[in-house]
Amino acid sequence: MSFDLLATLAKTALWMALLLQVTPIMVWVERRGSAMIQDRLGPNRVGPFGLFQSLADAVKFLCKEDITPAEADKFMHGLAPVLALIPALTTFVVIPFGPDVTVLGHRVPLVVAGAETGVLLLLALASLGVYSLVMAGYSSNNKYSMLGAVRASAQLISYELALTLAVVAVLMPVGSFELNEVVRYQQGSFFGWLPRWNVIPQFIGFLVFVVAAFAETNRLPFDLPEAESELVAGYHTEYSSMKFALFFMGEYMGMATLSCLAATLYLGGWHLPGLSYSGPWWWVAAQGMGVLVAKATLFLFFFVWVRWTFPRFRFDQLMRLGWKVLLPLSILNLIAVAALTVGGVL
Amino acid sequence: MEVAVFLLFAALVLVSALVVVLHRNPIYAVMSLVVTLVSIAVLFVLLGAPFLAAIQVLVYTGAIVVLFLFVIMLLNVSGDGSTAFGLQKIVAAGAAVGFSTLLLVLFWGRFGGLPLSPLKEADVALRPLARALLGTYLLPFEMVGLLLLAAVTAATVLARRGESEKT
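Calculation rules
By convention here, each chain's residues receive numbers from 1 onward along its written sequence. Working convention: letters from A go to chains and numbers from 1 go to ligands, in the order in which they are written. With the structure being a predicted model, the display of local features is reserved for residues of pLDDT at least 70 and the display and counting of side-chain atom pairs for 80 or more, all residues being used for whole-chain, interface and lining totals. Here a helix means four or more residues in a row that DSSP labels H or I, a strand means two or more in a row labelled E, and each is numbered from the N terminus. Burial in this document is a count-based property: other C-beta atoms within 10 Å of a residue's C-beta are tallied, and the residue is buried at 20 or more, exposed at 12 or fewer, or partly exposed in between, with C-beta positions derived from the backbone. Here contacts are defined at the residue level, using C-beta atoms placed from the backbone and a cut-off of 7 Å between them. Each nonpolar core comprises buried Ala, Val, Leu, Ile, Met, Phe, Trp, Tyr and Cys residues, the members being joined through C-beta atoms within 7 Å. Every axis in this analysis is a line fitted to C-alpha atoms, fitted for helices over the stretch in contact. Angles between the N-to-C directions lie between 0 and 180 degrees. For classification purposes, an angle smaller than 35 degrees is called roughly parallel, one larger than 145 roughly antiparallel, one from 65 to 115 roughly perpendicular, and anything else oblique. Helix crossings fall into two classes, left-handed where the near helix is turned counterclockwise from the far one by less than a right angle and right-handed where it is turned clockwise. Charged residues are taken to be Asp, Glu, Lys and Arg, nonpolar residues to be Ala, Val, Leu, Ile, Met, Phe, Trp, Tyr, Cys and Pro, and polar residues to be all remaining types, Gly included. In this analysis, the expected span of each helix is defined as 1.5 Å times one less than the number of residues it contains. A score between 0 and 100, pLDDT records how confident the predictor is in each residue.

Counting its regular elements, chain B contains seven helices and zero strands. Each helix and strand of chain B, ordered N terminal to C terminal, gives the series α-α-α-α-α-α-α. Taken across its 167 residues, chain B has 16% of its residues classed as buried. Relative to all contacts within chain B whose residues are 6 or more apart in sequence, the contacts with residues 24 or more apart total 53%.

As structure tokens, this is what we get:
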């Protein structure tokens, strides 16, 4: 095996190890966080602070009976939860977590796939996520599931446009699709003390991105595809046991990757002013990954915070917000950034 | 390695394309179309055009085919074989063969037979592509945009007309 292949495998393994931790940890944060917000205690019996609750839940999921409805389309019913993991487990490849380092005389970029198409590849892979929801809804042969699936596809397509346009506005002054270039662009500072992060000059784009990210991950206040007060559980009504858990994992890992993307696009990614990023390669990698994870954690906590603060939208409100507010705002942001870029301000 | 990947995905393209045409259940046909389009994207990557591959997945599988699915699910098209028009099938097959022959003849005349020489890096890299689209071929590019705008406007007008008749 060549060195490059080994390095790629190692980087992939690192990401996978981190991403698989996201679901249990986030479920704990969500349950304890919601309890904190609602002045309750939350699960606090299993392990210190209830930390092992997710472990117990995982065992429970594995032991539960796996039910496929008699009239369901068996093939698609089984395939849908597997597909839910594809965008979650592939999109991280273009997110950089450090500068290039030298390992045993080989130059290794700290990103799994430093492709020229960069963030475009991420958006393309993420856009495949909708098929899992649609398949789940269709194959369950259940009206609630079907309605959830139809809502999901309408919602994802509507918000993808605003999200993509916000990303394009970030890429324009950088002049590259590569996320490492985006990080490099954000190094330095405004007025000598304010970090040169995109969130400052592109605040409108940042708002559009964050709101669209909530819709893309089906999180409250935009979790219409699984609105339990009207659709029982939406597209995963007929799922139980580990298949249901896969949807759950897909949702949380999707949130994690989008949070990493948001941190990279708007908060300077793996770079933090004041850190030197020098020393042995593993120290540089640990610094980069640590900073990226810390920034992504901010977004992840924000996801939880919003979920337990805002009520759910109505579907027509959701569509109106997407098409009549976010899309025009993102186009406006795009034009403004284009003008500033051509004018040499950004 | 590359040959193995090519063979795998070329076979996938052909098989899934056949399923698209032959399967009775329209949902399965559309899902199979997704496999076809993603496999073609993989072939684009093998040909050294990752940008085209990303756009292919983003636009076709990520948006357009989702709309196909949306329409099929909303209209609840069932796969009972009622769409089997004898004449239409023959005409469609004839048109497909004719069009492929035309393309083959045109390519043969333009590039002087098979095998074609591979695309140069300079043709498919992002910057030259952008220069070509927004420089050399700006007029056709804008015309395509205008055509799409006309289609969108027409669709909106058609949808609105039904609405005003109801009220």
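If you tally the helices and strands in chain A, you get twelve helices and four strands. Each principal axis of the C-alpha distribution contributes one length, and for chain A these read about 60 × 50 × 45 Å. Put simply, chain A has 346 residues, and 46% of those count as buried. By sequence separation, contacts in chain A at least 24 residues apart represent 77% of the contacts at least 6 residues apart.

This part covers the nonpolar core. Residues and elements named next belong to chain A. In this structure, Ala 212 and Ala 262 are the most contacted members of the largest nonpolar core, which totals 118 residues. Ranked by the residues each element gives to this core, the list is headed by helix H6 (residues 143–174), at 17 residues. The contact partners of Ala 262, leaving out residues within four places of it in the chain, are Phe 209, Val 210, Ala 213 and Phe 299.

Attention shifts here to the packing of helix H5 (residues 129–139) of chain A against H6(A). All names here are of chain A. H6 packs onto H5 with a crossing angle of 160 degrees between their chain directions and a minimal axis gap of 7 Å. Between H5 and H6, the interaxial angle falls into the category roughly antiparallel. Our pair here, H5 against H6, has a crossing hand that is left-handed. The residues of H6 that touch H5, namely those facing Val 130, Leu 133, Val 134, Ala 136, Gly 137 and Tyr 138, are Ser 145, Met 146, Gly 148, Ala 149, Ala 152, Ser 153 and Leu 156. The residue inventory of the contact of H5 with H6, partitioned by class, reads nine nonpolar, four polar and no charged.

What follows covers the interface of chain A and chain B. In this complex, chain A contributes 18 residues to the contact, which on the side of chain B involves 16 residues. Breaking the side of chain A that touches chain B down by element, the ones donating at least two residues are helix H4 (119–126), H5 and H6 of chain A. Of all the elements, H6(A) adds the most residues to the side of chain A that touches chain B, at five residues. Counted by class, the side of chain A that touches chain B contains 14 nonpolar, three polar and one charged residues.

The terminal C-alpha atoms of helix H11 (residues 281–307) of chain A, which comprises 27 residues, lie 39 Å apart, in line with the 39 Å expected from a rise of 1.5 Å per residue. Check the buried side of H11(A) and you find it contacts helix H1 (3–37), strand E1 (101–103) and helix H10 (241–266) of chain A.

Attention now moves to the packing of helix H8 (residues 203–216) of chain A against H10(A). Residues and elements named next belong to chain A. Two numbers describe how H8 lies on H10: the axes approach to 11 Å, and their chain directions differ by 170 degrees. On the basis of their axis angle, the class for H8 and H10 is roughly antiparallel. Along its contact with H8, which presents Phe 206, Phe 209, Val 210, Ala 213 and Glu 216, the element H10 presents Leu 258, Ala 262 and Tyr 266. In terms of residue class, the contact of H8 with H10 is built from seven nonpolar, no polar and one charged.

Attention shifts here to the environment of Ser39(B). All names here are of chain B. With respect to the element layout, Ser 39 can be found in helix H2 (residues 26–46). The spatial distance from the C-alpha of Ser 39 to the C-alpha of Leu 87 is 31 Å, given a sequence separation of 48 residues. Each residue touching Ser 39, except ones within four places of it in the same chain, is listed here: Phe 9, Leu 12, Val 13 and Ser 16.

Right, let's talk about the environment of Phe49(A) for a bit. Residue and element names in this part refer to chain A. Mapped onto the elements, Phe 49 comes out in the loop between H1 and helix H2 (53–63). Take Phe 49: there are 12 C-beta atoms within 10 Å of it, and that puts it in the exposed class. Phe 49 sits 83 residues away from Ser 132 along the chain, and the two C-alpha atoms are 35 Å apart.

When pLDDT is low, close inspection of the predicted coordinates is not appropriate. Residues and elements named next belong to chain B. The predicted model of chain B has a mean per-residue pLDDT of 83, with 86% of residues at 70 or higher. At the level of individual helices and strands, chain B shows its lowest average pLDDT in helix H5 (residues 121–124), which scores 70, and its highest in helix H1 (residues 2–22), which scores 90. Across the assembled chains, the prediction reports ipTM 0.78 with pTM 0.84.

This part takes up the environment of Ser176(A). Residue and element names in this part refer to chain A. Considering the arrangement of structural elements, one finds Ser 176 in the loop between H6 and helix H7 (179–185). Along the primary structure Ser 176 and Lys 295 are separated by 119 residues, whereas in three dimensions their C-alpha atoms are 23 Å apart. With near-sequence residues (within four places) excluded, Ser 176 lies in contact with Leu 171 and Glu 181.

On to unusual backbone geometry, then. Residues and elements named next belong to chain A. Even without glycine at this site, Asp 39 takes up a positive phi of about 60 degrees. Tracing the backbone through its elements, the reader meets Asp 39 in the loop between H1 and H2. Residue class for Asp 39 comes out exposed when judged on the 6 C-beta atoms lying within 10 Å of it.

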